[in-house]
Every structure is written in C-alpha cells, then in structure tokens.
Amino acid sequence: MSGSTSRSKGNQSVGEVAVSRAGLQGLVTDARARTFDLVSDLSDDQFQVPLLRTINPFLWEIGHVAYFQEYWVLRHALGQAPLRTDGDALYDSAKVEHDTRWHLPLPSRSETLRYMEEVRDRVIDGVSNGSCDSDSDAYFVRLSAFHEDMHDEAFLITRQTLGYCVPAALPVKDAPAVDTAITSDLCIAAGVYTVGSSADEGFVFDNEKWAHSVNVPEFRIARSLVTQREFLNFIEQTGSRPPVYWKREKDGSWFRRHFDRWLPLEPDRPVSNISWFQANAYCRWAQRRLPTEFEWEIAARRGGCEQMFGSVWQWTSSDFLPYAGFSEDPYKEYSTPWFRTHKTLRGGGWSTRSRMMRQAYRNFYTPDRTDLWAGIRTCALDS
Ligand SMILES: [Fe+2]
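Below: a short report on this structure. (Residues numbered from 1 in each chain as written. Predicted model: local features only at pLDDT ≥ 70, side-chain atom pairs only at ≥ 80, totals over all residues. Heavy atoms only, no water.)

**Focus: the overall build of the protein**
Condition: Every helix listed is a DSSP run of H or I at least four residues long, and every strand listed is a run of E at least two residues long, numbered separately from the N terminus. For the radius of gyration, the atom set is restricted to C-alpha positions; the globular benchmark scales as 2.2 Å times the number of residues to the power 0.38. A simple rule labels every residue: compare its accessible area, found with a 1.4 Å probe on the protein chains alone, to the largest value its type can have, and call it buried under 20%, exposed over 50%, or partly exposed in between. In what follows, a contact means two residues having at least one pair of non-hydrogen atoms within 4.5 Å. Reported accessibility uses the Shrake-Rupley method at a 1.4 Å probe radius. Residues are deemed covered only where the shown protein chains occlude them.
A count of helices and strands for the protein gives 9 helices and 13 strands. Here the C-alpha atoms of the protein give a radius of gyration of 22 Å, agreeing with the 21 Å that 2.2 N^0.38 yields for 383 residues. Each of the three principal axes of the protein carries a C-alpha extent, and together these read 60 × 50 × 35 Å. Counting over 383 residues, the protein shows a buried share of 54%. The contacts in the protein between residues at least 6 apart in sequence include a share of 77% that link residues at least 24 apart. With the model as given, the accessible surface of the protein reaches about 16,300 Å², and the carbon-plus-sulfur share is 51%.

**Things to note about the nonpolar core**
The test is simple: Take the buried residues of types Ala, Val, Leu, Ile, Met, Phe, Trp, Tyr and Cys, join any two whose side-chain atoms come within 4.5 Å, and each joined set is a nonpolar core.
Formed by 81 residues in total, the largest nonpolar core has its most connected members in Leu 143, Phe 231 and Ile 376. Among the elements of the structure, helix 1 (14-39), helix 3 (58-77), helix 4 (87-91), helix 5 (109-128), helix 6 (135-162), helix 7 (228-238), helix 8 (276-286) and strand 9 (313-319) are those that each provide at least two residues to this core. With 11 residues, the single largest contributor to this core is helix 3. Look past the residues within four positions of Phe 231 in its chain and what remains in contact with it is Val 226, Arg 241, Pro 243, Trp 246, Val 271, Ile 274, Gln 278, Tyr 282 and Ile 376. Counting residues in hydrophobic clusters, the runner-up holds 14 residues, among them Ile 188, Ile 221, Cys 305 and Met 308.

**As for helix 8**
What counts is decided by this rule: Contacts described as polar in this section are N or O atom pairs within 3.5 Å, which, within protein, must combine one atom able to donate a hydrogen with one able to accept it, while residues neighboring in sequence count only if both atoms come from side chains.
What helix 8 keeps buried is the set Trp 276, Gln 278, Ala 279, Asn 280, Tyr 282 and Cys 283. In this fold, the buried residues of helix 8 make contact with helix 7, strand 8 (288-289), strand 9 and strand 10 (343-346). A side-chain oxygen of the first residue of helix 8 lies 3.2 Å from the backbone nitrogen of Phe 277; this N-cap is Ser 275.

**Quick notes on the packing of aromatic side chains**
Keep this limit in mind: Aromatic rings from Phe, Tyr and Trp, with only the six-membered ring used for Trp, were paired whenever their centres fell within 6.5 Å, and each pair was classed as stacked if the ring planes differed by under 30 degrees, edge-to-face if by over 60, and tilted otherwise. For a Lys NZ or an Arg CZ to count as sitting over a ring, it must be within 6 Å of the ring centre and within 35 degrees of the ring normal.
As enumerated under the stated definition, the model contains 36 aromatic pairs in all. A centroid spacing of 6.2 Å and a plane angle of 85° characterise the contact between Phe 231 and Trp 246, whose relative ring orientation is edge-to-face. With Phe 231 in helix 7 and Trp 246 in strand 5 (residues 246-248), this residue pair connects regions lying 15 residues apart in the sequence. Trp 246 shares its class with Phe 231; the two are buried. For the pair Phe 231 and Tyr 282, a centre-to-centre distance of 5.8 Å together with 20° between the ring planes defines the contact as stacked. Within this pair, whereas Phe 231 is found in helix 7, its partner Tyr 282 is found in helix 8, the two being separated by 51 residues in sequence. Residue Tyr 282 is classed as buried on the basis of its relative accessible area, which comes to 5%. Over the face of the ring belonging to Phe 47 we find Arg 109, whose NZ or CZ atom lies 3.8 Å from the ring centre.

Dropping the structure here:
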C-alpha cells in the first residue's frame, strides 16, 4: 500500500501516525457498526433464508466478514494464531461452495456476534499498539474494511431480494431523483486520456492497476441517468420485460417494490434492478448505447455529468478484463476468477459507502443480475 499515509516516505511525524491509527480504528469500527446495523433488527426466522444463487445466509455472511478480517489482519499481517479451529472450514469463501453455506455447522447467532466483536477489538488493539503501522499491514486493515463495506451492500441487496424492511439505521434509503431538466449530452473530444489508479491514490484494488493511457474517439455521454419514466415508455412501447420489482395493476398503474413496500412508480427516480441485457435493449430502443468503462471514467474525471456516484451503479458495455500488466494482490480471489465472464459497472449507488466510490473503481457482475441497484447512463450512437 502507498498513498494516504506518509510513512513510506520515511519522514513522518508522530502526529501523522496517530492520525493514521485513529483513521484505521475509525474505519474498522464504522464498518463493523454498519454490519450490525444491517442485521441486528432481523428476527431469527428472518435469518433463515432460502437457497438463492444471488444471496448468502446472513449467519454465514456476517461470520465470513469477521473471518476475512481475522485471516488477513490478525493471522496474515500480525501472525496471530487462529481464533477458531473451524474458521477456515466454515468461512473461507474460496473453499466453501456457495450452496454448502446453507448446510454448515455454523456457530449460533450470539456466538457469531461475539466472534465479530472479538476480531474487531483485536484489530483495533493491533492498530493502537502500532502493530499495523507499516504500509503493508495497514493495507490489510483497509482491505478488511472495504471487503466488509461490499458485504454490507450485499446485506441490503439480500433484504431487498427477500422483501424485508429497509434497515431503520440507514441514513439514505433510496436513489435520489434525476434532475429531468438536464437532458443534454456531455461531449468529450477525441484524445489520449488516463484511466486506472496510480500509486498515490491510497487504497486501490488489483484490477485498477495501473493508471495508463487510452486513445478514445470523440463521444457524447448523457449528463443524466435513465429514469423510471423513460424505462416505462420503453417497456410499454415494446412489450419488453419490466424491472424485476415492478408490477402493473389491473387499472394499468405501475408499482415498484422497495424492500417490503409497494410504491407507485416515481417517474423521476433512476431506473434500477435491470440486467445488462435489459440495459442494452433499452439503449437499442432509444437509439443510444452504453458507455465503455473508459468513457465512463473519463467523463467522471472531467466532471459535468450528474449522479455519477451515490445514485445507482451504472452498467457499462465493457467486459471485466485485466489491465495490461495485471498481477494479483494477496487476496487472489478478488478479481481473477471473475475476469471475462462479468461486465463492469462504474460509479456507486445510494447503497454504497461513499468511501468505496472512486473514479477508477471497477465493480463487476454477470450480465444477468437484476438484484442490484444498477441502472443506465447512455451515450449517443454516432459517438
Ligand atoms: Fe467476502
């Protein structure tokens, strides 16, 4: 790791280390608190979830979040002995098949919560006593927190999938409306642009490495996201499949399920919960196209588009591929298993922690997924 701390440059003051330790402690504490917020109101019955390909059992997933942190920070970075003899057998996502997670001898909910607290407290102790001061050790603390942030978004998706209520503790509970007065495209001239992350940007994932130049023809990208109104026009004119959580009543009115409530369509909110295929079908109808991931990133770096971050994830036309010179970071299963079969999404949704949202960050899912808060930003066809 390099970047946001100055320790690697060898001239740090004690104060900088203290701030950095406090920053790491805050990150770990905050991520774990969010996890607790997202599951603590659920009943034991709600913890029992059906076996669906797109979700994990809550009891397994919360234990996995703590295990990942224990594995990389306490065991790998700090050399501590395992806290649980069965941790690897239960919680290693690379080794425990998805469907097996419903049939494991998992510890009870209260025991799992105690394990989550113990791992967190030991990591915070390690940070406070200086054991994580090196850049490489601090890297794993941050990796564990960002990994937790991703699972926290998954907990929300699971709650939406199962029709559970929106967690009361969430400060933001849906995507904001699109400013429909903004209808124009942003025109970006042909040129050589930099994409990807550089070493001075702080924490980055392996698939963002490294910053490099790309030669891009002129393109025009919508300044606004596609709204529910626009998508409704598309499905009413073409008979295409609606978003997975939409339904039409006998009187013709449309509703959208948001967690446990059916809401009338809110025409100005961005459409979401559509697959990559549906996004492309919309584009064909609208005589538009999806941006490539580099076009999206170039537009994000330039500024001028609305809601690039914090509204809904945005499908791009790009396959999720390694950049030239790619090499795996220590968490080898983060990117490599998913190259070529997944599409790249950019930006970040209302459900995403703001610290996860960066111009170069690459999210990736298979194109069939409809359970994500992912929507559409289009480009002009002749660009
Ligand atoms: Fe994970």
